[in-house]
Amino acid sequence: MKRALFPGSFDPLTLGHLDIITRGVTLFDEIIVAIGVNAEKKYMFSLEERIKFIEDTFAHEAKIKVVAYEGLTVDFCQKIDVSFILRGLRNPADFEFEKAIAHTNRDLAPIETVFLLTSADTSYIASNIVRDVIRNNGDYTKLVPEAVRVQ
């Protein structure tokens, strides 16, 4: 069974995340959307809200699971017996950053990283941009799935 972990903070889940997860399901038997917990970071949405956004968005898809974790992503992958990390790339800067992480992860554990390019119509969407739009009372509904819009 080919299982992939899609890690992130998902603060909030965006249409870019949705795109990568939906396309990743065609490549893997199971996608585990893993919300990394960082006590140092200030989140806009609670962990419970972020889990609910993902669960509600993918309620129809049995191949997608949602979990929270702490620590190194590769350690968590080994703990739950996952061999692949799924990551989305929006631009060349993402590639350089993600490439360094992928090489480090491979040095630490036998985990492969699989990159998917985001779709052209979602490549500009980032959670930090969505949070800024929300903070400034802008129309963020075009950037997130329905489950986040009704929050």
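Rules used in this analysis
Residues numbered from 1 in each chain as written. Predicted model: local features only at pLDDT ≥ 70, side-chain atom pairs only at ≥ 80, totals over all residues. Heavy atoms only, no water. 1 Å grid on protein atoms, 1.4 Å probe; cavity = no way out; pocket = protein on both sides within 12 Å on 5 of 7 lines; lining within 4 Å. Points joined across faces, edges and corners; volume = space filled by probe spheres on them. Helix = DSSP H or I, 4+ residues; strand = E, 2+ residues; numbered from the N terminus. Nonpolar A, V, L, I, M, F, W, Y, C, P; charged D, E, K, R; others polar. UniProt positions renumbered as here; feature names shortened; annotations may be inferred. Buried < 20%, exposed > 50% of the residue type's maximum accessible area, 1.4 Å probe, protein only. Contact = heavy atoms within 4.5 Å. Pairing = 2+ DSSP bridges. Right-handed = clockwise from strand over helix to strand, strands pointing away.

### Concerning the layout of surface pockets
Approximately 1000 Å³ is the volume attributed to the largest pocket. Taken together, 37 residues line the largest pocket, and the ones lying closest to its centre are Pro7, Gly8, Ser9, Arg87 and Glu98. Secondary-structure elements contributing two or more residues to the lining of the largest pocket are β1 (3-8), α1 (15-24), β4 (84-89), α4 (92-108) and α5 (127-135). Residue contributions to the lining of the largest pocket peak at 8 residues, all from α4. Grouping the constituent residues of the lining of the largest pocket by class yields 15 nonpolar, 16 polar and 6 charged.

### Here's the deal with the UniProt feature "site: Transition state stabilizer" (unreviewed entry) in the chain
UniProt marks His17 with the feature "site: Transition state stabilizer" (unreviewed entry), using the numbering shown here. Tracing the backbone shows His17 in helix α1. Judged by relative accessible area, which is 17%, His17 ranks as buried. Apart from the residues lying within four places of it in its own chain, the contact partners of His17 are Phe6, Phe10, Pro12 and Ser127.

### A word on the pairing of strand β2 (residues 30-36)
The buried fraction of β2 is high, at 7 of 7 residues. Where β1 lies against β2, 6 bridges are found, and the strand directions are parallel. Opposite Pro7, over in β2, you have Ala34 as the bridge partner. Once you follow β1 into α1 and on to β2, the crossover reads as right-handed. The pairing of β2 with strand β3 (residues 64-69) spans 6 bridges and is classified as parallel. Bridge assignment links Ile35 to a residue of β3, and that residue is Ala68. For the segment spanning β2, helix α2 (residues 47-57) and β3, crossover handedness is right-handed.

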